Structures are given as structure tokens and as C-alpha cells.
Amino acid sequence: MTVQGNEPIRVGIAGLGRSGWGIHARLLEPLKDKYRIVATCDIDAARGQEMVARFGGRAYQDYAGLLGDPEVELIVVALPSYLHPSHSIMALQAGKHIVCEKPMAARVSDADAMIAAAKKAGKVLTIFQNRRYHADFLKVREVIASGKLGRIVMIRFAWDSFGRRWDWQTLRSYDGGSLNNTGPHALDQALLLFGDQDPHVFCDLQRTVTSGDADDHAKVIFYGPGAPTIDIEISSVCAYPQEPWLVLGTQGTLAGSYRALRWKYFDPTKIPPRPVDTRPTPDRSYNREDLPWQEEMWDISEFKGPGDSGFYLDLYETIRRGAPLAITPESVRRQVVVLEYCHKMTGL
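Residues numbered from 1 in each chain as written. Predicted model: local features only at pLDDT ≥ 70, side-chain atom pairs only at ≥ 80, totals over all residues. Heavy atoms only, no water.

## Here we look at the environment of Leu66
Argument step 1. For Leu66, the location among the structural elements is in helix H3 (residues 63-67).
Argument step 2. With relative accessibility at 0%, the residue Leu66 sits in the buried group.
Argument step 3. Distance in space between the C-alpha atoms of Leu66 and Gly226 is 48 Å, their sequence separation being 160 residues. (Helix = DSSP H or I, 4+ residues; strand = E, 2+ residues; numbered from the N terminus. Buried < 20%, exposed > 50% of the residue type's maximum accessible area, 1.4 Å probe, protein only.)

## Re helix H5 (residues 108-121)
Argument step 1. The terminal C-alpha atoms of H5, which comprises 14 residues, lie 20 Å apart, in line with the 20 Å expected from a rise of 1.5 Å per residue.
Argument step 2. Buried within H5 we find Val108, Ala111, Met114, Ile115, Ala117 and Ala118.
Argument step 3. Where H5 terminates, the next one or two residues include Gly122, which has phi positive at roughly 70 degrees. (Expected span 1.5 Å × (residues − 1).)

## Observations concerning the packing of helix H4 (residues 84-93) against H5
Argument step 1. Relative to each other, H4 and H5 sit at 10 degrees, their axes nearing to 9 Å. On the basis of the axis angle, H4 is roughly parallel to H5. Residues His84, Pro85, Ser88, Ile89 and Leu92 of H4 lie in contact with H5, whose contacting residues are Asp110, Ala113, Met114, Ala117, Ala118 and Ala121.
Argument step 2. Looking at the contact of H4 with H5 residue by residue, the classes come out as 8 nonpolar, 2 polar and 1 charged. (Axes fitted to C-alpha atoms, helices over the stretch in contact; angles between N-to-C directions. Parallel < 35°, antiparallel > 145°, perpendicular 65-115°, else oblique. Contact = heavy atoms within 4.5 Å. Nonpolar A, V, L, I, M, F, W, Y, C, P; charged D, E, K, R; others polar.)

## What to know about helix H8 (residues 183-194)
Argument step 1. Over its 12 residues, H8 runs 16 Å from end to end, which matches the ideal 16 Å to within 8%, given 1.5 Å per residue.
Argument step 2. The element H8 is extensively covered by neighbouring structure, given that 11 of its 12 residues are classed as buried.
Argument step 3. Among all positions in H8, only Gly183, Pro184, His185, Ala186, Leu187, Asp188, Gln189, Ala190, Leu191, Leu193 and Phe194 are buried.
Argument step 4. Directly after H8, the chain includes Gly195, whose backbone phi takes a positive value near 120 degrees.

## Concerning a nonpolar patch on the surface
Argument step 1. A surface patch of nonpolar side chains, about 390 Å² in accessible area, is lined by Phe202, Tyr223, Tyr341 and Met345.
Argument step 2. With respect to the helices, strands and loops of the structure, Phe202 is situated in strand S8 (residues 200-206).
Argument step 3. Phe202 sits in the partly exposed class, given a relative accessible area of 37%. (Patch = residues over 30% accessible without salt bridge, like charges linked within 9 Å, V, L, I, M, F, W, Y side chains within 5 Å. Areas by Shrake-Rupley, 256 points an atom, 1.4 Å probe, with all protein chains shown as cover. Salt bridge = Lys/Arg side-chain N within 4 Å of Asp/Glu carboxyl O.)

## Focus: the nonpolar core
Argument step 1. By size, the foremost hydrophobic cluster in this structure holds 55 residues, and its most contacted members are Tyr35, Ile75 and Tyr312.
Argument step 2. For this core, the leading source of residues is H5, giving 6 residues.
Argument step 3. Counting 37 residues, the second-largest nonpolar core is a separate cluster that includes Phe137, Leu149, Leu191 and Cys342. (Core = buried A, V, L, I, M, F, W, Y, C linked by side-chain atoms within 4.5 Å.)

## With respect to the packing of aromatic side chains
Argument step 1. This model, assessed by the stated rule, comprises 11 aromatic pairs.
Argument step 2. Consider the rings of Phe157 and Trp245, whose centres lie 4.9 Å apart with planes at 50 degrees: the pair is tilted. Of the two residues, Phe157 is situated in strand S7 (residues 152-160) and Trp245 in strand S11 (residues 245-249); the sequence distance between them amounts to 88 residues. Of the two residues, Phe157 and Trp245, both sit in the buried class.
Argument step 3. Consider the rings of Phe266 and Trp293, whose centres lie 5.4 Å apart with planes at 75 degrees: the pair is edge-to-face. Taken as a pair, Phe266 in the loop between strand S13 (260-265) and strand S14 (294-299) and Trp293 in the loop between S13 and S14 lie far apart in primary sequence, 27 residues in all.
Argument step 4. Ring pairing ties together the aromatic residues Tyr35, Phe128, Phe311, Tyr312 and Tyr316, which thus form one cluster.
Argument step 5. The side chain of Lys34 reaches across the aromatic face of Tyr316, ending 5.4 Å from its centre.
Argument step 6. Positioned above the aromatic ring of Trp293 is the side chain of Lys264, whose terminal nitrogen or guanidinium carbon lies 4.9 Å from the ring centre. (Phe/Tyr/Trp six-rings, centres within 6.5 Å; stacked < 30°, edge-to-face > 60°. Lys NZ or Arg CZ within 6 Å of the ring centre and 35° of its normal.)

## Some thoughts on the sheet that holds S7
Pairing between sheet strands relies on hydrogen bonds along the backbone, with the strands arranged either parallel or antiparallel.
Argument step 1. Spatial strand order, S8-S9-S10-S7-S11-S12-S13-S14: 8 strands in an open sheet with mixed pairing. With one partner strand each, in any of the chains shown, S8 and S14 form the two edges of the open sheet. Strand after strand, the sheet turns through a mean of 10 degrees between neighbouring axes, direction not considered.
Argument step 2. Two elements, S7 and S11, share 5 bridges in a ladder whose sense is antiparallel. Directly across from Ile152, in S11, lies its bridge partner Gly249.
Argument step 3. Here helix H10 (residues 329-346) sits on the sheet in contact with S8 and strand S9 (217-223), set at roughly 55 degrees to S8. (Pairing = 2+ DSSP bridges.)

Right under this line is the structure:
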């Protein structure tokens, strides 16, 4: 499966839209010692020529041309969502490694077919779940793991905005909608924080202000024994967006945004026991006490990691050095189970 050596991995990008051009080409361009874009594919010939002018190589308007290019080792599938499974499988069968944009798939059967095709071909299949590398997520995991917040009771993700859309991502026939488009980021993080067990899932999907027939307001809740309740909200009808992060624990709370977090907590060994007391309270008051709160803060200026580039740095180590794959398709399959369940449950 791996190719030994130090030469750059030769990449073909399928789809030169917001993702292929604005994310993947941008990330790969500075990694010249590890990656080289040698071919692209887009039905828009002008986009292909723009890519050639910037990176060199060849531009195809048909996917078959990209699949048949012998120089291409790795294909980035940055096509509309409904094409992710079929075009990843075709590329695997053509002997290419695959980076598939999210969502991996909207149906578990498609995810399973992708995994099977990768195993049969002996090629790498990974999904671009880049938010696993983001500074805020890594810091939240660090704070939770420290135990400072105690037992985690609830985690709330708020991905809110107010905005109408009218592109292909508002159409169910394209596997569009907020849950499939934005949801893979939040669901991926939520499942990692939830733990290894499969969650019970509640879901409500609605179509509100976007032009197509797909959902643009999603509420998903994970719950299960011994795990935190996780509340995920992805909405296009929130004119007062909430902070993305809220983590409630038995010893404290974390809150904040992608760029700045704060958490306050106390040491449980430094507070007195409070056995139940059924006697009337002094002055008919509510129970209240002064807790020895400690507070910490973090902002993104402290982050020293590679960010999104970490995805491609890790992938290079897998393809060229045989390192374990950082983001396995099996780990992302858990997310596809949730996506398919929510769509079946709500009929959207």
C-alpha cells in the first residue's frame, strides 16, 4: 500500500470549487517537499486552465481522463456530495489513493462499499475531517482530559447563523442540506468526545429559509449510559449566534469560540461535604455557598500546531512511510450511521 521514498506525492484534484480550489489546493501549495499537484478535473474549462497556470500539470474536463493519468498517485475527491462514494470507488479501482471530502457518504451501504473497495485495491482511503486538527477542538479535549471540569455532563455545539442559500447544497438529490454539509464537522467532533460506544440519537431536521428541499436547521442529540449528553445545533435561522462551545462538568464549565476559550473550576477536595439537611434554612433563603473558583483562558495565538495542514502531513507519513492512517474511513463511518438515521427519522 505504501511507496517508500522521499519524493512528493503526485496529486490530482477532482472538482475546483470552494473545496478543491479554496481548501485543498491552498493547503497543498506550500507543502512542495511532500505534495505536487500534477492534474485537475473540472467541467468548467476555465477553472482547469486557472489551475494549470498556477500549478502546471494537466487539466481534464472528464473524470476518466484524471483516472487514466499514470502520474497521479492520489486523487482529492472534492466533487458534489452525492458523487463522493461512486467517484472514490472508481479512483480506488484505478489504483489511486483517495482523500474524500466530507460527507464521506449519506448512506451506510455506500460507506461500506468505499471501505471494501479500498481494502481490495490495497490503497489509502481517508476522509477530510480537518476539524480534528483545529486549535479549539484540541484545547477542549485537553481541558476535558485534565479532569478539571469533573465528570462531563453535557457538551453543546452551536453552529448558528442566519443566511439563505440557493446553490446545489440545498438539494436533497445532491445529498445537500445543513446536516450533510456542515454536520460532518460537528458530528465528527461530537462522536470523538462521546466515546467509543454508539450513542442513542434524537434528531429534528427542518427546511426553513433556503431555496432547495433539503434541511437547513438541524438539532441532533447524543445520549447514552456513562457518556455525556451532546447537543448539536446547526441552524440557518439564528440571527443571534451563540458561542460554539459549552461544556458542563460536575466541577466547572468551559465556554467560548473557535478563537478563544475560558473555563472555571474548583478543587473538590477544598470544599466541605454537604449532606442533606431538612431543617428550615436560615432567613428562608436558598442554599448558597462561596466556591473556590479558579479560572483559565486560552486564545488561538497560543496554538503552535499545523492546523488543517496536519491532515496532509499525517497522510504523507502514511503513504510514504507506512504510518498508521490518522483518519480512518471506519471512524468516519460512525458519522454516516447518524446521518442516515436522522434523514430516515425525519423524512428530510
